[in-house]
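# A structural walkthrough
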Amino acid sequence: MTGAVEPRAGAAVPRRAVPAPRRALALAARAGVVLAERAVMLCALLAVVFAAIELLPGDAASATAERGESAAAAAAHRHLLGLDRPLWERFTNWMTALPAGDLGTSARGEHVTDLLSAPFPNTLLLGGTAFAVTLAAALALGYWGAARPGGPVDHIVGFASTVTLALPEFVVAVGLLLVLSSWTGLLPAVTLTADDGSLASWTMLVMPVLALAVPQIGWNARIIRGALADQAGAPHVIAARLDGLSPARVLLRHALPGARPAVATGIATSTGMLLGGAVVVETLFNYPGIGSVLAGAVADRDTPVIAGVVAVTGAVISLVLLGADLVRARTLGARP
Amino acid sequence: MNVNRRQVLRTGGGIGVATLLAACGGGRKTSSSPADADGAGGADGAPRKGGTLRIGALGRSSAITRDPHGNQGNESDYLIIALVYDTLTAPGLKDNTVGRLATGWKASDDLKTWRFTLAEGATFHDGSPVTADDVVWSLRRLRNTPAGASRLPGIKAANITADGKDVVVLVSDYPNAELPLLTRLSTFVLKKDTPDKDVATAPGTGPFKLDRYRSGNARLLRNDHWHGGQVHLDAIEVTMFESPQAMANALMGGQIDVASNAGSVAARTTSSRKDIQVIRRPNDMAMPIVMRTAQGSPFADPRVREAVKLVVDREAMVKQVLSGYGTVANDILGTADPAYAKDIPQRKRDLGKARKLLGEANFDLSKTYELITTEDIPGLAESAALFATQAREAGIKVEVVKQESAAFYDKTWLKGDFYTNYWGTNDSVVFFASNTMVTDAARNEAGWSDKDFDAAYRKAIGTADKSARAKALHELQQIEHERSGYLLWGMADGIDLAAPTVHGLPRLPGYGRVQLESVWLSR
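Residue indices begin from 1 for each chain and proceed along its sequence in written order. By the order in which they are written, chains take letters starting at A while ligands take numbers starting at 1. Confidence filtering applies because this is a predicted model: local features only for residues at pLDDT of at least 70, side-chain atom pairs given and counted only at 80 or more, and all residues used for totals across whole chains, interfaces and linings. Only hydrogens and water are removed before side-chain values are computed, so all heavy atoms of the structure are retained for them.

## Here's the deal with the overall build of chain A
As a reminder of what qualifies: Numbering of helices and strands runs from the N terminus; a helix is a DSSP stretch of H or I covering at least four residues, while a strand is a stretch of E covering at least two. Only protein chains enter the calculation, and the probe is 1.4 Å; a residue is then buried if its accessible area is under 20% of its type maximum, exposed if over 50%, and partly exposed in between. Residues count as neighbours in contact if any of their non-hydrogen atoms are within 4.5 Å of one another. The method behind every accessible area is Shrake-Rupley, applied with a 1.4 Å probe, and residues are considered shielded solely by the protein chains displayed. When charges are counted, neither His nor the chain ends are considered; positive counts come from Lys and Arg and negative counts from Asp and Glu. The location of each charge is read from NZ of Lys, CZ of Arg, CG of Asp or CD of Glu.
If you tally the helices and strands in chain A, you get 13 helices and zero strands. Its C-alpha atoms put chain A at 85 × 55 × 35 Å along the principal axes. Burial analysis of chain A (336 residues in total) assigns 47% to the buried set. Look at the contacts in chain A between residues 6 or more apart in sequence, and 77% of them connect residues 24 or more apart. Carbon and sulfur atoms make up 70% of the accessible area of chain A, which amounts to about 15,100 Å² in all. Within chain A, the 21 negative side-chain charges are centred at a point lying 20 Å from the centre of the 23 positive side-chain charges.

What follows is the structure in structure tokens.
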């Protein structure tokens with residue numbers, strides 16, 4: 001899904017000649033087209049999910065069966081779950097109920113919307129915070145490194161970001177657990193929830209967010225650093241520097257705007273990684289999010305639950321990618 | 001080999017975290033004697049009233065079930081349900097079956113008709129009295145679930161009836177001296193005619209009542225009018241944990257007071273913490289290797305099965321697979337049963353005899369035999385791997401094949417020639433005989449059919465006379481030891497971890513761990 005937003009930083013020349021109303025209209029049109037594209041892709045993805053689960057050995061009826069179930073009971077269970085109907089029919093039924101917000105029923109008889117109602121906001125909070133932290137930290141580090149190309153800070157940021165982007169989330173998580181919880185007792189080791197299903201304390205968010213964000217900060221800091229370096233060679237940036245403006249001003253006001261498409265693309269691709277990493281991080285910190293729902297649902301071959309998770313996360317990722325597209329379009333000029 | 005990410009995480013990430021934390025936790029070398037829990041009402045004097053117990057239990061949010069008669073895949077769900085609702089009978093330590101909502105039971109002379117008398121003055125949490133009609137309705141509801149036939153085997157729904165206000169009559173299709181055993185685990189009693197949509201919040205009769213529930217976590221309050229006696233705690237907060245390691249971390253960080261069924265890896269992690277109680281509940285989990293006994297299997301010859309049982313180094317298995325948290329077993333399932341035959345000589349490793357038996361049976365040693373295993377519970381795949389190494393020393397080539405859980409139950413369970421399996425209910429010899437070993441057992445895992453065994457089983461459950469029954473049970477175990485398809489090398493301890501302030505935790509294996517009514521806090 002990320003292929004649609006390749007960076008084209010080299011072509012980044014701000015266009016100021018297009019009149020504003022026409023530009024807004026073009027942007028809206030582009031957003032509409034992209035949104036439709038994404039919706040079609042999401043549907044295709046859901047079809048693939050349905051088919052893929054079908055290919056796994058076993059089905060929801062056997063995976064959630066009690067050990068003592070007779071063959072007749074298993075068949076009845078299968079019928080109850082609709083697993084005796086053809087795949088396309090189950091898919092169509094599920095898809096047609098989707099616009100009404102009905103995500104179906106789990107293999108254990110719970111409504112999927114109920115299963116996701118508490119975990120999904122929690123994952124959005126985790127992912128959203130990690131996203132914000134990633135963006136802020138990566139911008140700061142990339143900018144800091146680019147301020148003096150080849151300087152010691154640049155080297156350190158370059159090295160550190162390479163190391164962290166290669167770290168799997170669970171390694172970061174274990175390190176954080178050791179230092180911040182086991183040794184110092186500064187932060188609670190696991191996430192507990194309050195009566196309403198939200199987090200009992202904001203401190204429980206710190207380690208999961210860092211575990212998710214650190215590898216992504218590494219990745220994005222490198223992208224931002226590279227994009228700023230590319231911009232350094234652009235004529236208007238060279239001109240600004242020759243005009244005697246301060247390096248900080250040149251970077252912020254002249255180089256950064258041109259680097260925006262690359263930055264947006266990098267951070268947008270991180271969204272998928274952040275939500276994917278949530279599966280691991282949520283388990284380690286017992287964070288009550290959607291990742292643990294997904295992991296369990298795959299083990300249970302619980303197609304409606306898996307498809308429900310894919311649908312809501314897919315929608316979020318699509319929106320973020322759309323945002324990135326719009327940023328690009330704004331910078332590069334609207335070309336639907 | 002099919003492994004999903006969750007399992008990779010469990011085994012790879014989980015153990016990685018465990019060893020790392022263990023390696024870094026304090027760095028002290030501790031003696032191998034973990035802090036031991038005091039027994040119920042032990043040296044610390046009389047139980048104190050009050051306090052909230054925060055307990056962690058394993059569960060997955062995708063598998064949440066709130067129906068007391070549903071298929072509870074989550075330990076956390078079962079714990080909550082078992083605290084809110086009472087079963088007719090319950091597992092006991094000295095007697096295998098003790099009363100719960102039923103205080104007494106009596107069989108007819110033919111051992112088919114059983115009359116259960118309900119506890120006097122038992123009420124639901126809303127104050128209404130428990131009647132035999134409520135119990136009959138609940139048992140019939142249980143019997144009519146998909147797995148009902150195995151939960152109440154031999155008892156048709158129509159044969160569950162009320163006799164007056166406080167007697168429930170169960171009529172079995174065949175004589176069954178062990179029938180009260182069947183009513184211990186899932187006979188949760190709800191009010192008659194509770195609609196399905198209200199089942200999750202329906203009042204129970206248990207020692208605690210539901211205060212709130214959200215996404216697998218619950219808060220329960222003491223039931224001051226419990227028929228079973230004094231309950232000490234004010235409240236219990238149950239938190240669901242996806243991984244045992246996160247649960248152990250929460251305990252070490254003081255976020256919970258008890259980590260229920262945390263397992264040996266977590267116990268090892270906390271071993272540097274002297275203040276954490278490691279409560280070992282022996283005979284908790286059986287992890288047998290199953291050899292198919294039916295014709296066409298390489299293990300059809302009983303001599304081959306005996307040889308394989310002689311090949312395994314049981315001490316090494318317990319030490320390495322269970323980190324020492326377990327005991328050596330003797331190829332008889334149901335080790336916690338008071339009727340377990342302790343006098344049958346322990347089978348030991350004897351490679352010479354094994355080779356001789358294999359030779360006599362013309363066992364093909366040039367072939368490689370696949371041992372199918374899963375990573376459903378910690379240590380299971382490791383047990384298969386270690387066994388394969390040990391078998392190689394006897395010249396048997398064993399290749400371990402890991403299957404993902406759903407694939408295993410779809411393709412291998414009940415069908416395969418050679419696989420590992422696990423059972424969490426180990427307090428009854430008869431349970432295993434009836435469920436997995438008699439010829440027509442629904443879950444005859446080894447495809448076993450042995451006339452003498454079947455006869456001993458029928459005698460054991462159809463004899464009212466105690467000593468005659470004991471004799472039959474002994475004979476049954478002797479045959480099982482000699483030639484069944486089960487290689488049971490050891491029994492894993494159930495391991496609960498607890499803060500030093502927690503007292504009176506249950507010591508029972510398996511589902512007995514949920515009996516928290518006598519727990520109290522000393523803070």
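## Digging into the pairing of strand β5 (residues 113-118) of chain B
Residues and elements named next belong to chain B. We count it as follows: Note: two strands are recorded as paired if DSSP finds a minimum of 2 bridges between them.
Only one face of β5 is covered, namely the one carrying Trp114, Phe116 and Leu118; the face carrying Thr113, Arg115 and Thr117 has none of its residues buried. Examined bridge by bridge, strand β4 (residues 102-107) and β5 share five bridges and lie antiparallel to one another. Residue Gly104 lies in a different strand from β5, and its bridge partner there is Thr117. Once β4 ends, the chain turns through five residues before running back antiparallel as β5, passing Leu111 with a positive phi of about 60 degrees.

## Thoughts on the interface of chain A and chain B
Worth spelling out the cut-off: When a carboxyl oxygen of Asp or Glu is within 4 Å of a side-chain nitrogen of Lys or Arg, the pair counts as a salt bridge. Distance and chemistry together define a polar contact, namely a pair of N or O atoms within 3.5 Å, with one atom able to donate a hydrogen and the other to accept it when in protein, and with adjacent residues in sequence counting only for side-chain atoms on both sides.
Taken together, the 43 residues of chain A in the interface contact 48 residues of chain B. If you look at where chain A meets chain B, you find two salt bridges. For B:Arg60, the salt bridge goes to A:Asp300, with nearest N and O atoms at 3.5 Å. If you look at where chain A meets chain B, you find eleven residue pairs in polar contact (both at pLDDT 80 or more).

## Side note on the environment of A:Ala173
In this fold, A:Ala173 is placed in helix α8 (residues 169-183). Sequence-wise, A:Ala173 and A:Pro119 are 54 residues apart; in three dimensions their C-alpha atoms are separated by 20 Å.

## Comments concerning the domain arrangement of chain B
All names here are of chain B. Filter applied, for reference: Where each domain starts and ends follows an automatic or database-derived domain assignment. Summed over both partners, buried area is the accessible surface (1.4 Å probe) that two parts give up on being assembled.
For chain B, the assigned domains read domain 1 (3-257 + 499-521) and domain 2 (284-492). Here domain 1 and domain 2 have C-alpha centroids that lie 29 Å from each other. Listed by partner, the interface residues are 22 residues for domain 1 and 22 residues for domain 2. In total, about 1,700 Å² of surface goes out of reach between domain 1 and domain 2, with carbon and sulfur atoms giving 53% of it. Counting across the interface, domain 1 meets domain 2 through zero salt bridges. Linking domain 1 with domain 2 are three residue pairs in polar contact (both at pLDDT 80 or more). Examining the composition of the side of domain 1 that touches domain 2, we find that three residues originate from one element, helix α1 (residues 5-24), more than from any other.

## Notes on the pattern of salt bridges
Residue and element names in this part refer to chain B. A complete count under the given rule lists 36 salt bridges over all chains for this structure. In this structure, Arg141 and Asp196 form a salt bridge, with 3.0 Å as the shortest nitrogen-oxygen distance. In this pair, Arg141 is assigned in helix α3 (residues 132-143) and Asp196 in the loop between α5 (179-182) and β8 (208-214), connecting sequence segments 55 residues apart. Across the pair Asp234 and Arg222 runs a salt bridge, and its minimum N-O distance is 3.1 Å. On the criterion of sequence distance, the pair formed by Asp234 in the loop between β9 (217-222) and β10 (235-241) and Arg222 in strand β9 is long-range, its members being twelve residues apart. Residue Asp234 is classed as partly exposed on the basis of its relative accessible area of 35%. Overall, Arg222 belongs to the buried group, its relative accessible area being 15%. Each of Asp450, Asp452, Glu482 and Arg483 takes part in salt bridges that share partners, so that together they form one network.

## Focus on unusual backbone geometry
Phi at B:Asp193 is positive, roughly 65 degrees, even though this residue is not glycine. Considering the arrangement of structural elements, one finds B:Asp193 in the loop between α5 and β8.

## Some points on the nonpolar core
Filter applied, for reference: As used here, the term nonpolar core means buried Ala, Val, Leu, Ile, Met, Phe, Trp, Tyr and Cys residues forming a set that is joined through side-chain atoms within 4.5 Å.
Counting residues in each nonpolar core, the largest one holds 44 residues, and the members touching the most others are A:Phe285, B:Phe241 and B:Leu497. Among the secondary structure elements, those contributing two or more residues to this core are α6 (119-147), α8, α9 (203-232) and α11 (247-285) of chain A together with α6 (244-252), α7 (264-269) and β19 (490-498) of chain B. Among the elements that take part in this core, α9(A) stands out by supplying eight residues, more than any other. Among all residues touching A:Phe285, those that are not within four sequence positions of it are A:Ala173, A:Leu177, A:Ala189, A:Val190, A:Thr191, A:Met207, A:Pro208 and A:Ala211. Ranked by size, the runner-up nonpolar core spans 38 residues in total, among them B:Met285, B:Ile289, B:Val321 and B:Leu358.

## Digging into the packing of helix α12 (residues 290-299) of chain A against helix α13 (residues 303-332) of chain A
The relative placement of two packed helices is expressed as an angle between their axes plus a distance between the axes. All names here are of chain A. How we decide: Whenever a helix is involved, its axis is fitted only over the stretch in contact; in every case the axis is a line through C-alpha atoms, and angles between N-to-C directions fall within 0 to 180 degrees. For a crossing to be left-handed, the near helix must be turned anticlockwise from the far one by less than a right angle; the clockwise case is right-handed. Under the scheme applied, nonpolar residues are Ala, Val, Leu, Ile, Met, Phe, Trp, Tyr, Cys and Pro; charged residues are Asp, Glu, Lys and Arg; polar residues are all the others, including Gly.
Between α12 and α13, whose axes approach to 9 Å, the crossing angle comes to 145 degrees. Regarding α12 and α13, the two cross each other, and that crossing is left-handed. Counted together, Ile290, Val293, Leu294, Ala297 and Val298 of α12 and Val305, Ile306, Val309, Val312 and Thr313 of α13 form the full contact between these two elements. Grouping the constituent residues of the contact of α12 with α13 by class yields nine nonpolar, one polar and no charged.

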